[in-house]
Structures are given as structure tokens and as C-alpha cells.
Amino acid sequence: MKRFFHPSFVRSCGLLGAVCLGGVLLAGCSSTPTTYYVLAPQTGPVASPVIQAALPQAIEVLTPSITSRLDRDGLLRVMQDAQDHMVPAAAWSEPLGEMLGHALAANLRQRLPGHVLFSQNDSVAVTAGAYLELSLSRFEQDVSGHAVITGVLSAHRAGAPDSQARAVNVQWVSPQPVGTKPADMVRVLAEGVGVLSDQAIQLLYSLPALPVHEEASSL
């Protein structure tokens, strides 16, 4: 005997199957845990005594500004046809701007022993004599597989007029392609931040010195 099913029953079964299938797919996607990454400090050449003597005792690294396309939790990778893709199951352990500020401060602390280097919003009971700023437009892996950092690095002394501020364009590209592993991408980008740290010291050194009476009054 043939059995005939009402059309509403068939539609209900179809919807139920779709829901079940969707549940299986969602379960499969959520089974991959997210790995959180941090930019490790990078050692570099210690600044010469001449440079260290010319820099203020305390330097504050302001929280870097980043473009909206970089203001995400995930690691950014540019694919073909100018498409932005987030690396699957990988994310920064803190907001990217704050992490960059901490990484720069840690790198400068190693390169300027005896100086006080701190990030914006750190609880430090000293007044900075100079400020370092970074504005980023690119911090990613490009379509060719290289790590890329592009932006503007600027510095100014506390109390100095804006006309004495100094700025330089930064555009760093890794010598070799990074590879496909997120850990490799993070490691190479951290190396790029180390290069920016060396440039930051030269930029701070290029700032005009304050008059002697102003330097004495700020101590």
C-alpha cells in the first residue's frame, strides 16, 4: 500500500532537517578554539650616550591611532582582488592600538636604559618630557605574503610649540614572505615594530632642544 503525506508534513520535515544540518555545521565551526596573540618585545641596539643625554628622562608613548579597517580583534590578511580577510581562529590578546603602544614602550625601554618609558594611561607618577605618537594605516600581511606596516611616526617635546614637532612617514615591508601560520605573521610584524622603535629614537633625537632655563624649570 502506498502512503501519501500531506504537503505541510513534508515542508516541516524539510525545515527540521535544515535546522539539524545547520546545528551540525555550527558545532563544527565552534569546535576550533581561538588562539590569542601578543606582539613580543624586540631587542635592538642600545642608543649611544650622546643620544641618551639629549633625550628627556621620561618619554610617554601615546596610544597609536589606527584606521577603522585595522580596528578589529582579528589578524588582517589581504587576499587577491583587494579583499580583506581575517585569519581564522586567531585574534589579538588586547586592542591593537593599546598593544602597539605597549610594544613600542617595551622596545624603547631596552634601547634607552636609565630612561623612563611608559604607555599612555599607565599609572606613572612622573611628567613626560617628550611624547611619541604613531598613526597606522596598514598592519597586515599583503597579497604577496609579506608583512606590511605603514603610517606616520611623530614626536614632540612637552611644552614646545607645534612648529617644533617632528614627523616621518614609515613604510616597512618584511624581507621575505611570512607564510601561512598566524604565529609567523605575528612574529614578523613584531620585528617590524622593532624597526619602528629604532626610527623613533632617531626622531626623538632630532627634536630641537629646549632653552636651558626651560629645561631647568621642568625638572
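Quick caveat: nothing in here was measured; it's all calculated off a predicted structure. (Residues numbered from 1 in each chain as written. Predicted model: local features only at pLDDT ≥ 70, side-chain atom pairs only at ≥ 80, totals over all residues. Heavy atoms only, no water.)

Engineer: Which residues make up the pattern of salt bridges, and what values do they have?
Structural biologist: Counted according to the given criterion, the structure contains 6 salt bridges. In this structure, glutamate 140 and arginine 69 form a salt bridge, with 2.8 Å as the shortest nitrogen-oxygen distance. Of this pair, glutamate 140 sits in strand β7 (residues 130-141) while arginine 69 sits in the loop between β3 (65-66) and β4 (74-79), and the two are 71 residues apart along the sequence. The exposure class of glutamate 140 is buried, given its relative accessible area of 1%. On the accessibility criterion, arginine 69 (26% relative accessible area) is partly exposed. One salt bridge connects arginine 111 with aspartate 198, and the closest N-O pair in it is separated by 2.6 Å. Taken together, the residues span a long stretch of sequence, with arginine 111 in helix α3 (residues 96-111) and aspartate 198 in helix α4 (residues 182-205) at a distance of 87 residues. Counted as one network, the salt bridges with shared partners bring together Arg69, Asp84, Arg138 and Glu140. (Salt bridge = Lys/Arg side-chain N within 4 Å of Asp/Glu carboxyl O. Helix = DSSP H or I, 4+ residues; strand = E, 2+ residues; numbered from the N terminus. Buried < 20%, exposed > 50% of the residue type's maximum accessible area, 1.4 Å probe, protein only.)

Engineer: Kindly report on α3, identifying the contributing residues and their values.
Structural biologist: With 16 residues, α3 should reach 22 Å at 1.5 Å per residue; the first-to-last C-alpha distance of 23 Å fits that figure. Here α3 has its buried residues at Leu96, Gly97, Met99, Leu100, Gly101, Ala103, Leu104, Ala105, Asn107, Leu108 and Arg111. (Expected span 1.5 Å × (residues − 1).)

Engineer: An account of empty space enclosed by the protein is requested, with residue identities and associated values reported.
Structural biologist: Over the atoms, a rolled probe matching the size of one water molecule traces out where space is still vacant. Per the stated rule, a full pass over the model turns up 2 cavities of 30 Å³ or more. Approximately 60 Å³ is the volume attributed to the largest cavity. What lines the largest cavity is simply Arg69, Leu70, Arg72, Gly74, Leu75, Leu76, Met86, Trp92, Leu96, Phe139 and Met185. Contributing elements (two or more residues each) for the lining of the largest cavity: β4 and β5 (83-92). At 3 residues, β4 tops the list of elements feeding residues into the lining of the largest cavity. (1 Å grid on protein atoms, 1.4 Å probe; cavity = no way out; pocket = protein on both sides within 12 Å on 5 of 7 lines; lining within 4 Å. Points joined across faces, edges and corners; volume = space filled by probe spheres on them.)

Engineer: Got a sec to walk through the environment of valine 148? Specific residues and values, please.
Structural biologist: Note that valine 148 resides in strand β8 (residues 147-157). Spatially, the C-alpha atom of valine 148 lies 10.0 Å from that of serine 137, the residues being 11 residues apart in sequence.

Engineer: Break down the side chain of serine 197 for me, with residues and values.
Structural biologist: Tracing the sequence through the fold places serine 197 in helix α4. With relative accessibility at 0%, the residue serine 197 sits in the buried group. From its side chain, serine 197 meets the backbone oxygen of valine 193 in a polar contact 2.9 Å long. If we skip the residues at most four places from it in the chain, serine 197 touches Leu104, Asn107, Leu108 and Arg111. (Polar contact = N/O pair within 3.5 Å; in protein donor to acceptor, adjacent residues only side chain to side chain. Contact = heavy atoms within 4.5 Å.)

Engineer: Break down a nonpolar patch on the surface for me, with residues and values.
Structural biologist: Where nonpolar side chains cluster on the molecular surface, the patch consists of Val116, Val124 and Val126 and spans about 180 Å² of accessible area. Locating valine 126 in the fold gives a position in the loop between β6 (116-119) and β7. Judged by relative accessible area, valine 126 falls into the partly exposed class, the value being 40%. (Patch = residues over 30% accessible without salt bridge, like charges linked within 9 Å, V, L, I, M, F, W, Y side chains within 5 Å. Areas by Shrake-Rupley, 256 points an atom, 1.4 Å probe, with all protein chains shown as cover.)

Engineer: Which residues make up the nonpolar core, and what values go with them?
Structural biologist: One finds Leu39, Leu75, Trp92, Phe139, Ile149, Leu189 and Val193 to be the most contacted residues of the largest nonpolar core, which totals 46 residues. When residues of this core are traced back to their parent elements, those giving at least two are β2 (58-61), β4, β5, α3, β7, β8, β9 (166-173) and α4. Here this core takes 11 residues from α4, the largest share from any one element. In this structure, tryptophan 92 is in contact with Tyr36, Tyr37, Leu39, Arg72, Asp73, Gly74, Leu75, Met99, Phe139, Val186 and Leu189, ignoring residues within four places of it in sequence. Counting 5 residues, the second-largest nonpolar core is a separate cluster that includes Ala58, Leu62, Phe118 and Ala128. (Core = buried A, V, L, I, M, F, W, Y, C linked by side-chain atoms within 4.5 Å.)

Engineer: Describe the packing of α3 against α4, naming the residues involved and giving the relevant values.
Structural biologist: It is at 9 Å that the axes of α3 and α4 come closest, and there the two elements cross at 60 degrees. Our classification of the angle between α3 and α4 gives oblique. Here α3 runs over α4; the crossing is right-handed. For the pair α3 and α4, contact is made by Leu100, Ala103, Leu104, Asn107, Leu108 and Arg111 and by Val193, Gly194, Ser197, Asp198, Ala200 and Ile201, respectively. Taken together, the residues that form the contact of α3 with α4 break down as 7 nonpolar, 3 polar and 2 charged. (Axes fitted to C-alpha atoms, helices over the stretch in contact; angles between N-to-C directions. Parallel < 35°, antiparallel > 145°, perpendicular 65-115°, else oblique. Left-handed = near helix turned anticlockwise from the far one by under 90°. Nonpolar A, V, L, I, M, F, W, Y, C, P; charged D, E, K, R; others polar.)

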